[in-house]
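# Per-entry structural report
Read off the chains here:
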Amino acid sequence: MYIRLVGFSQEEDMFLCLVYIEISQDSIIGVYQSSDQFWSRVEEAYNTRKFQIWSERTRKYLQDRVLRIEKATRKLHSCIKQCEERCPSGASSNDVFDKAKQMMLEDPKFTTGWKFDHIWNVVKNFEKFKDESAASAIDEGNKQILEQLKISSFQRQQFLDNQSKNYALKQVKEDNKMLFHDVNTIVDPNVRAFVLAEQAQILAERAEQ
């Protein structure tokens, strides 16, 4: 029997973006995984770690949601850039943000406007979700990685070792951010529970090291 899934809640959006960004930034595995493998990892991580009361989501459902968020976020970044160039120097970031959202409404492809204020702080600095100029820089970076894979096995291993060290350092920094996050400032109980669970997992992993 066909069961119609309800739309994503704000908390589900936030959790999905966190999972997607985490797996996207796994540079060691990311070099070798196909698109199918990547989305399989997203699907598994989301459904394994989500709250039980949330609906289980298929890979296609998760992929469609992420692509919708990515498309809207890129468009908003583009509008922000244009507004920054047009606004007077004394304009506040909130003024620029509001004008950018208004500009976005003028695009026939985004007549419903910007619907993701609840995850803006999570996705705004994620390179893949930035405007087309940023996307071009990412493509260039991917080309450089592919070039690295063409060199000798010894040099390739050195490259991976360096990438592994950089990733480990980056992961430590991200974990520290999570540990030092003040849960008392989080209003939503579901998000607070998620952060507490992540903090507990980080501490448990460090205790085993």
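Residues numbered from 1 in each chain as written. Predicted model: local features only at pLDDT ≥ 70, side-chain atom pairs only at ≥ 80, totals over all residues. Heavy atoms only, no water.

## Focus on the packing of aromatic side chains
Put simply, the rule reads: Side-chain rings of Phe, Tyr and Trp, where Trp is taken by its six-membered ring, are said to pair if the distance between their centres is within 6.5 Å; with planes under 30 degrees apart they count as stacked, over 60 as edge-to-face, and otherwise as tilted. Under the scheme applied here, a residue whose accessible area is under 20% of the maximum for its type counts as buried, over 50% as exposed, and between as partly exposed, the area being computed with a 1.4 Å probe on protein chains only. Note on geometry: a ring has a charge over it if NZ (lysine) or CZ (arginine) is within 6 Å of the ring centre and within 35 degrees of the ring normal.
Enumeration over the complete set of coordinates arrives at 14 aromatic pairs. Ring geometry for Trp114 against Trp120: centres 5.6 Å apart, planes inclined by 85°, an arrangement best described as edge-to-face. With respect to class, Trp114 is no different from Trp120; both count as buried. Among the aromatic residues, those joined into a cluster by ring pairs are Phe15, Tyr46, Phe51, Trp54 and Phe194. The side chain of Arg57 reaches across the aromatic face of Phe8, ending 4.2 Å from its centre.

## Description of the side chain of Thr73
For clarity, the cut-off: The helix and strand labels rest on DSSP assignments: H or I over at least four residues marks a helix, E over at least two residues marks a strand, and numbering proceeds from the N terminus. What makes two residues a contact is simply this: any of their non-hydrogen atoms within 4.5 Å.
Summarising the element assignment, Thr73 is placed in helix 4 (residues 59–86). In contact with Thr73, not counting residues within four places along its chain, are Trp114, Trp120, Val123 and Phe129.

## Topic: helix 9 (residues 189–208)
Put simply, the rule reads: Expected helix span is given by 1.5 Å per residue-to-residue step, counting one fewer step than there are residues. Comment: arc refers to directions from the helix axis out to C-beta atoms. Any pair of N or O atoms that falls within 3.5 Å is considered a polar contact. Within protein, one atom must be able to donate a hydrogen and the other to accept it, and sequence-neighbouring residues count only if both atoms are side-chain atoms.
Between its terminal C-alpha atoms helix 9 stretches 29 Å, which fits the 28 Å expected from 20 residues at 1.5 Å a residue. All buried positions along helix 9 are accounted for by Val191, Phe194, Val195, Glu198, Gln199 and Ile202. Projected onto a plane normal to the axis of helix 9, the buried residues spread over an arc of 135° and lie on a single side. Exposed residues on helix 9 whose side chains face more than 90 degrees from its buried face are Pro189, Leu203, Ala207 and Glu208. The N-terminus of helix 9 is capped by Asp188, whose side-chain oxygen sits 2.8 Å from the backbone nitrogen of Asn190.

## So, the nonpolar core
Across soluble globular proteins, you tend to see nonpolar side chains buried next to one another. Counted only if it meets this: Residue types Ala, Val, Leu, Ile, Met, Phe, Trp, Tyr and Cys, when buried and joined through side-chain atoms within 4.5 Å, form a set referred to as a nonpolar core.
Grouped together as the largest cluster of nonpolar side chains are 42 residues, with contacts concentrated most on Tyr20, Val42, Leu76 and Trp114. Mapped by element, the contributors of at least two residues to this core are helix 1 (10–24), helix 3 (35–49), helix 4, helix 5 (93–105), helix 6 (120–123) and helix 9. If we skip the residues at most four places from it in the chain, Tyr20 touches Phe38, Trp39, Val42, Val66, Glu70, Phe126, Lys128 and Phe129.

## Describing the packing of helix 1 against helix 9
In a packed pair of helices, the relevant descriptors are the angle between the two axes and the axis-to-axis distance. The criterion, for reference: To get an axis, a line is fitted to the C-alpha atoms, and for a helix only the part in contact is used. The angle between two axes follows their N-to-C directions and goes from 0 to 180 degrees. Angles are sorted into four bins: roughly parallel if under 35 degrees, roughly antiparallel if over 145, roughly perpendicular if 65 to 115, and oblique for all others. For any helix crossing, the convention is left-handed if the near helix is rotated counterclockwise from the far helix by under a right angle, and right-handed if that rotation is clockwise. Classes in brief: Ala, Val, Leu, Ile, Met, Phe, Trp, Tyr, Cys and Pro nonpolar; Asp, Glu, Lys and Arg charged; the others, Gly included, polar.
Contact geometry for helix 1 and helix 9: axes closest at 10 Å, N-to-C directions at 25°. Classified by the angle their axes make, helix 1 and helix 9 are roughly parallel. Judged by the sense of rotation from one axis to the other, the crossing of helix 1 with helix 9 is right-handed. Residue-level contacts link Glu11, Met14, Phe15 and Leu18 of helix 1 to Asn190, Val191 and Phe194 of helix 9. For the contact of helix 1 with helix 9, the class distribution of residues is 5 nonpolar, 1 polar and 1 charged.

Any functional reading would require information that these geometric values do not contain.
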